[in-house]
There are 2 protein chains.
Amino acid sequence: MTRGRPIAFSPDEAANAAMQVFWSRGYESASTRDLLAAMSLSRSSLYQAFGNKEQLFLEALRRYRESLVGRLGRRLEASPSAVDFLASLFRETAQEAGSDRAALGCLIFNSASELGQQDGLPSQHARQSIAAITALFQQAVERAQAEGDIDPDRDAAALASYLTMGMAGLRILLKSGSDTHQAGQAVELLLDGLRR
Amino acid sequence: MTRGRPIAFSPDEAANAAMQVFWSRGYESASTRDLLAAMSLSRSSLYQAFGNKEQLFLEALRRYRESLVGRLGRRLEASPSAVDFLASLFRETAQEAGSDRAALGCLIFNSASELGQQDGLPSQHARQSIAAITALFQQAVERAQAEGDIDPDRDAAALASYLTMGMAGLRILLKSGSDTHQAGQAVELLLDGLRR
DNA sequence: CCATTTAAGGATCGATCGTTCCAAAAATGG
DNA sequence: CCATTTTTGGAACGATCGATCCTTAAATGG
């Protein structure tokens, strides 16, 4: 069956460790030394198992996106009210203000900001990940409209863009040291605009 | 009076050129080679005139902030309506969608996202620059309240945070390839929340 | 026109970057 | 137990990083 020496690390755990490094340091600033240390494997193993730094980042971003969208999707499904789901999501994020978690930001928005409109897969995948977040917000808005909490005549796609803009901006506020009061106030105003 | 050979470059133009490099490439990714090429001076002259890369960045960020805040402050003063100033500012920014200008983003928000809560002056100055933008928005909101366009009972500081969050998010939308339609819709919803 | 002072050019520094490569180690199948 | 296969550890690669330093060029004051 399997010939030769078996690998001594968990590819899954290694990829998650790499994700953490990219999350806290950014794509370019994360050195292979940082990655190797956090992943607890040797240089050869990294390149053998993940190709190179770019491919490792794509894998990390993919995991982050699927984890985030999956988690939020399940939470939306489990929530009795789509508008409550959105409100609690934004309020809980604002409550992170001042924490280490808040300083990290969101890997997707971090990457979109760092990579902008560059050529290449990392930038492209970051942009697609933002589109995935917007799509999830649109699902929530449409459900809230069906539930009578948002006027069905309002444009769900526009509201979704508004929410993505809000979350991206909130992440920047938190990264720039906004406190829970300031972030909370901004989020309440954002949510007022949602329910109108 | 002035002894020795005079400098052959304009420190002002050189600093502006450096600002452009940091703006398009980011703080860490901007190499001294990039900076030297754009500033059209020699290595010695850069270190002689600006100290080092960090100090040059601080100077570039200071210029950007003062230019931006100064320009917006004058535009606010010249505007007959503070709420119109805010609306046109956000609308014009959304209209940049798809352009090279939109891909650049804003040096202040870019730097805040890149540097986060790091120790050191660059991060600190980026955060202070965001505070300066919020202060300008608060001025505009307070004037709009005095002009009867915004309910004076509403919290001007909270609205200012809301606007900073909105602008930061808008910059991310534009960086991630949002088109003028999508960005425009999000901005209109943001402005609805302002005037309520 | 010479001595002095400062800028400009560029070689060079040690450190670090991402990546490759090779030999040693550790597993398997027969 | 040996041949084979694959992983592992780490040396080494060329490129680039920010920064320093020394020589040369170009200005001024006397």
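The rules behind the values
Residues numbered from 1 in each chain as written. Chains lettered and ligands numbered in written order. Predicted model: local features only at pLDDT ≥ 70, side-chain atom pairs only at ≥ 80, totals over all residues. Heavy atoms only, no water. Helix = DSSP H or I, 4+ residues; strand = E, 2+ residues; numbered from the N terminus. Expected span 1.5 Å × (residues − 1). Buried < 20%, exposed > 50% of the residue type's maximum accessible area, 1.4 Å probe, protein only. Polar contact = N/O pair within 3.5 Å; in protein donor to acceptor, adjacent residues only side chain to side chain. Near = heavy atom within 4 Å. Nonpolar A, V, L, I, M, F, W, Y, C, P; charged D, E, K, R; others polar. Core = buried A, V, L, I, M, F, W, Y, C linked by side-chain atoms within 4.5 Å. Contact = heavy atoms within 4.5 Å. UniProt positions renumbered as here; feature names shortened; annotations may be inferred. Axes fitted to C-alpha atoms, helices over the stretch in contact; angles between N-to-C directions. Parallel < 35°, antiparallel > 145°, perpendicular 65-115°, else oblique. Left-handed = near helix turned anticlockwise from the far one by under 90°.

Chain A is annotated in an unreviewed UniProt entry as Transcriptional regulator, TetR family of Halomonas daqiaonensis.

Caption draft 1: Expanded view of helix α9 (residues 156–175) of chain A. Residue and element names in this part refer to chain A. An ideal rise of 1.5 Å per residue puts 28 Å on 20 residues; α9 measures up with 28 Å between its terminal C-alpha atoms. Most of α9 is tucked away, with 19 of its 20 residues classed as buried. You can read the cap of α9 off the contacts: a side-chain oxygen lies 2.9 Å from the backbone nitrogen of alanine 157, and it is on aspartate 155. Glycine 177 occupies a position one or two residues after α9 and carries a positive phi of about 90 degrees.

Caption draft 2: View of the protein's contact with DNA strand D. What surrounds DNA strand D is a group of 27 residues, the closest being Ala8, Ser44 and Ser45 of chain A together with Thr32 and Arg43 of chain B. Close to the protein, within 4 Å, the atoms of DNA strand D belong to sugar or phosphate groups at a rate of 66%. Measuring from a base nitrogen of DNA strand D, one finds a side-chain N or O atom of arginine 43 of chain B at 2.5 Å. Within the side chain of tyrosine 47 of chain B, a nitrogen or oxygen atom sits 3.1 Å from a phosphate oxygen of DNA strand D. Per-element tally for the surface near DNA strand D: the top contributor is helix α3 (residues 43–50) of chain A, with four residues. By residue class, the composition of the surface near DNA strand D is eight nonpolar, eleven polar and eight charged.

Caption draft 3: Region of the structure containing the nonpolar core. Core analysis: the largest hydrophobic core is formed by 142 residues, its most contacted members being Met39 and Phe137 of chain A together with Phe22, Met39 and Phe137 of chain B. If we skip the residues at most four places from it in the chain, methionine 39 of chain B touches Ala14, Ala15, Ala17, Ala18, Leu46, Phe50 and Leu56 of chain B.

Caption draft 4: Broad picture of the UniProt feature "domain: HTH tetR-type" (unreviewed entry) in chain A. The positions UniProt marks with the feature "domain: HTH tetR-type" (unreviewed entry) are residues 8–68 of chain A. Helix makes up 77% of residues 8–68 of chain A and strand 0%, and the two end C-alpha atoms of the span are 28 Å apart.

Caption draft 5: Local environment of the packing of helix α4 (residues 53–78) of chain B against helix α5 (residues 82–95) of chain B. Residue and element names in this part refer to chain B. In the contact formed by α4 and α5, the axes pass within 8 Å of each other and the chain directions differ by 135 degrees. By the criterion of interaxial angle, the relationship of α4 to α5 is oblique. The handedness of the crossing between α4 and α5 is right-handed. On α5, the residues that touch Leu72, Arg75 and Leu76 of α4 are Ala82, Phe85, Ser88, Leu89 and Glu92. Partitioning the contact of α4 with α5 into residue classes produces five nonpolar, one polar and two charged.

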